[in-house]
Amino acid sequence: MIPPETHLQIGSLLFEGLDQIDLTGPFEVLSRIPNSTYRIYGPSAAPVRDLRGLRITPDAALTEAPRLDVLHIPGGQGQEALMRDAAVLGWIRTQAAGASHVFSVCTGALLLGAAGLLIGRRATTYWNAVDLLPWFGAEPVDARVVIDPDSDGRTWLFAAGVTAGIDGALRLAAELRGDDAARAIQLGMQYAPEPPFDSGTPLSAPPAIVAQVRAAAAGITARRAATARAIAAELGIPAPESAESHVGDRDMTPAR
């Protein structure tokens, strides 16, 4: 927990083709953190559209961001276009180095991997991309939220796909301001999910539905895999033993 009198600078990365819930779900939580300033930063100050066409405008360009205490990296299919973007990856590295907490949602974890920041870390990401984490030197964990403190005093938080970002942000709020502050934020949001179907993971969804969703994402899945292999080679990370497996088809490291 950070002393309540310490003002926090919290910032989220915005980019074309992100999944807006990866951004706006955590925004609903992080914008309520007591004694903090929350801003959204894009490669430029121009508006972007999310994967489904929602128009979002950043508060400022990356170059205008102060040193952030909390760095939030969302995901979505647009993440793939940034995996070789030197300016964005450099910004992520610089901000992560100065932050006390780094938080990724969904395939935002792959951007951290492309920046070389996942080596030796325990992490999670979207279920159809979690098998790529070892290519970036990470240990995949089968959990909705993973918290992994490092020896430098920095805390890394990883949320699985999309809606898990709300859970991860609430865990982050507790890390920053204590459990009661997080509980108050949760109550203010009336966040008490009761999903109508038990189909939120590949282990609980019917096999035909899992196959349907995988087939619909086959193109981006293949592109992500090719990029992960290329970056692993550049970073000198050996190929994982089960490189072709999918979550749900194999055992993963249990949460701890």
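Use the structure listed above.
First, a word on scope: everything that follows refers to the structure included in this document. What you see is a predicted model, and the numbers here were worked out from it, not measured in a lab.

What follows is about the nonpolar core. Judged by nonpolar contacts, the single largest core of 77 residues is most densely connected at Leu-13, Trp-91, Ile-92, Leu-111 and Leu-112. Of the residues forming this core, the biggest block, eight residues, is contributed by helix α4 (residues 164-177). In contact with Ile-92, not counting residues within four places along its chain, are Leu-13, Leu-71, Ile-73, Leu-111, Leu-112, Ala-115 and Leu-117.

Of the pairings in the sheet, the one linking strand β1 (residues 8-13) to strand β2 (residues 36-42) comprises six bridges and is parallel in character. Opposite Gln-9, over in β2, you have Thr-37 as the bridge partner. At this point the chain moves from β1, through helix α1 (residues 20-30), to the parallel β2, and the crossover so formed is right-handed.

Quick look at the packing of α1 against α4 now. At a closest axis distance of 8 Å, the pairing of α1 and α4 adopts a crossing angle of 30°. With respect to their mutual orientation, α1 and α4 come out roughly parallel. The two elements α1 and α4 cross, and the hand of that crossing is right-handed. Counted together, Gly-25, Pro-26, Val-29 and Leu-30 of α1 and Gly-165, Ile-166, Ala-169, Leu-170, Leu-172 and Ala-173 of α4 form the full contact between these two elements. In terms of residue class, the contact of α1 with α4 is built from eight nonpolar, two polar and no charged.

Below, the discussion takes up the pattern of salt bridges. Tallying each qualifying case throughout the model produces seven salt bridges. Where Glu-28 meets Arg-32, a salt bridge forms, and the shortest distance between an N and an O atom there is 2.5 Å. Assessed through its relative accessible area of 30%, Glu-28 is described here as partly exposed. A salt bridge links Arg-154 to Asp-150, with the shortest nitrogen-to-oxygen separation between them at 3.2 Å. With respect to class, Arg-154 is no different from Asp-150; both count as buried. A cluster of three or more residues bridged by salt bridges with shared partners is formed by Arg-121, Asp-150 and Arg-154.

Rules of the game
Residues numbered from 1 in each chain as written. Predicted model: local features only at pLDDT ≥ 70, side-chain atom pairs only at ≥ 80, totals over all residues. Heavy atoms only, no water. Core = buried A, V, L, I, M, F, W, Y, C linked by side-chain atoms within 4.5 Å. Buried < 20%, exposed > 50% of the residue type's maximum accessible area, 1.4 Å probe, protein only. Helix = DSSP H or I, 4+ residues; strand = E, 2+ residues; numbered from the N terminus. Contact = heavy atoms within 4.5 Å. Pairing = 2+ DSSP bridges. Right-handed = clockwise from strand over helix to strand, strands pointing away. Axes fitted to C-alpha atoms, helices over the stretch in contact; angles between N-to-C directions. Parallel < 35°, antiparallel > 145°, perpendicular 65-115°, else oblique. Left-handed = near helix turned anticlockwise from the far one by under 90°. Nonpolar A, V, L, I, M, F, W, Y, C, P; charged D, E, K, R; others polar. Salt bridge = Lys/Arg side-chain N within 4 Å of Asp/Glu carboxyl O.

Any functional reading would require information that these geometric values do not contain.
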